[in-house]
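Remarks on the overall topology
Spelled out, the chains give:
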Amino acid sequence: MSGDQGDSVTGRLAAIVESSDDAIISKNLDGVISSWNKSAERLFGYTAEEAIGQSIMLIIPADRRKEEESILDRIRHGQRVDHFETVRRRKDGTLIELSVTISPVRDSTGRVVGASKVGRVITERRQSERALRESEERLRKTEKLAAAGQLAASLAHEINNPLSSVTNALYLLKTTGELSGGAKSLVDIASSELARMARIVKQSLSYYRRAVAPTDVDIATTVAESLQVFSAKLERVGIAVQPNLIKGYVVSGFADEIRQIIDNLLLNAIEAMPDGGRLRIEVRPSRDWKQGSRQGIRFVVADTGSGIPKNIASRIFEPFFTTKEEKGTGLGLWVVRGLVAKHEGRIRVCSSDRAGRSGTVISIFWPTVASSPEGDAVLRRELAV
Amino acid sequence: MRVLIIDDEKHIADTLVMILQQSGWEATAAYDGKLALQHVDTFHPKVVISDVILPGMNGIEVCMAIQSKYPACHIFLFSGQPATDELVSDARQRGFHWELLAKPIEPQELLDKLEPFATE
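Before going into details, it helps to say that this report is about the structure given with it. (Residues numbered from 1 in each chain as written. Chains lettered and ligands numbered in written order. Predicted model: local features only at pLDDT ≥ 70, side-chain atom pairs only at ≥ 80, totals over all residues.)

1. Section: the overall build of chain B
- Summing up its helical and strand segments, chain B has 5 helices and 5 strands in all.
- When the helices and strands of chain B are read in sequence order from the N terminus, they spell out β-α-β-α-β-α-β-α-β-α.
- With 120 residues in all, chain B has 37% of them scored as buried.
- Considering only contacts within chain B whose residues lie at least 6 apart along the sequence, 60% involve residues at least 24 apart. (Helix = DSSP H or I, 4+ residues; strand = E, 2+ residues; numbered from the N terminus. Buried ≥ 20, exposed ≤ 12 C-beta atoms within 10 Å, placed from the backbone. Contact = placed C-beta atoms within 7 Å.)

Below, the structure is given as structure tokens:
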């Protein structure tokens, strides 16, 4: 090959490297950068001038330094590193996920004198993989909930019929007037225990509904209706209600299920204050506290009741866990959590059982579903006013 | 007052009949839709309480036939499963507005519900 031809081949290769979409970097065996193409400039934010002569550690995050040492070690032994997925640091300090292929560069005698490094951004691919994984997880969770619901529904049906017969039979026993006092009180116990079974079945049943299309549900209006139902009880127990309900914000959901969530939480709060207290109820536009970009509606129920002791706090969402003895089914919060999850919402519980300042605050977040949630909610509010 | 109970669960139907009779009403049971339609013509009930899921004709179909023939008859449905919601809302769309009672219903509650019809 003549010198001219050699030069033109080298020039063409240099042009290819320079115009490549991948970041192409070379370094010597001590890790000092010896070339840096245009894509590397774009990707890492350092110009060739800034990078060449510097250590490759320039773009390697502190916690991955060891990784580079083992790469250099492999290169010294003439081995390649193929499509290695890692993280590198830009000039502005941000991290990027890359797939890199590192190959040894040899001189004319075949001796390894350095390495070429080709890097391709995979952050976007990673993100879409992560999104896919998350949506699969959500689906699995939903399927699990649906399966649990279907099981509860079929069990409930099987149980409701015999429950009816036994309820009727006990009623007949009690009302025929042929029972002694002792026998009658035993029948009373059987009846009330049976009624408890019926409540449990009814509650697990309501957990599962055949899918009908969701509708727009105005949370504040629903809460106001629910408060109305409980008003006599609130007054009797001596609970002062402090409502702050901003009407007109809607979520897409199943009205009876949302009502069930609200009723369950209100009832728990009322039962936590048998000697009266204060009940703060709020409905207002808000953001998801775990995922700030999600907008929606927050429903807060805060009571000044006895609070949840720390040792049981982790169990309150378990099915059949109750502190209300025979009065409770232990399904209320379990159902609430399931229904909130079904509406892609979140639930948060803060509680203190410290004497004098005890109480429980339960917050629920429902996302608004439109693509521009805020705009949509505002629009609907204007229409509703 | 005459009350017809339609339920394929014989224990439920029979105990309900006894409860109603104990309250001084005439009551009888039919264990499927076909039998129920035969009973209606001879028994002339003022109130019909029917299960929704029945073998053969379902409770909604039976009650539609009864209601069309005897418009003054009061009809209640009762059911132990939520899947019946759809059947009931179908009936509603066709103009039949019947109350759906959830099984198990407290006998006293049922008697209280029926009482106004007895004095009607």
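2. Quick word on the sheet that holds strand β3 (residues 47-51) of chain B
Residues and elements named next belong to chain B.
- Across the sheet, 5 strands lie side by side as β2-β1-β3-β4-β5; this open sheet has parallel pairing. Each edge of the open sheet is held by one strand with a lone partner, namely β2 (26-30) and β5 (99-102). Each neighbouring strand pair of the sheet contributes to a mean axis angle of 20°, computed without reference to strand direction.
- Pairing analysis gives 5 bridges linking β3 to strand β4 (residues 74-79), with the strands arranged parallel. (Pairing = 2+ DSSP bridges. Axes fitted to C-alpha atoms, helices over the stretch in contact; angles between N-to-C directions.)

3. Description of the sheet that holds strand β10 (residues 295-303) of chain A
Residues and elements named next belong to chain A.
- Strand order in this open sheet of 5 strands is β7-β9-β10-β12-β11, and the pairing throughout is mixed. This sheet does not close on itself; its edge strands, each paired only once, are β7 (239-245) and β11 (346-352). Averaged over neighbouring strand pairs, the angle between their axes works out to 10° when direction is ignored.
- Contacting β7, β9 (277-287), β10 and β12 (359-367), helix α8 (residues 255-271) crosses the sheet at an angle of about 25° to β10.

4. Structural notes on helix α2 (residues 33-43) of chain B
Residues and elements named next belong to chain B.
- Within α2, burial applies to G33, A36 and V40. The buried residues of α2 occupy an angular sector of 45° when projected down its axis, which confines them to one face. Of the exposed residues in α2, those oriented more than 90 degrees away from the buried face are Q38, D41 and T42.
- At its buried positions, α2 is contacted by β1 (2-6), β2 and α3 (59-69).
- Of the residues trailing α2, H44 is marked for its positive phi of about 45°. (Arc of directions from axis to C-beta.)

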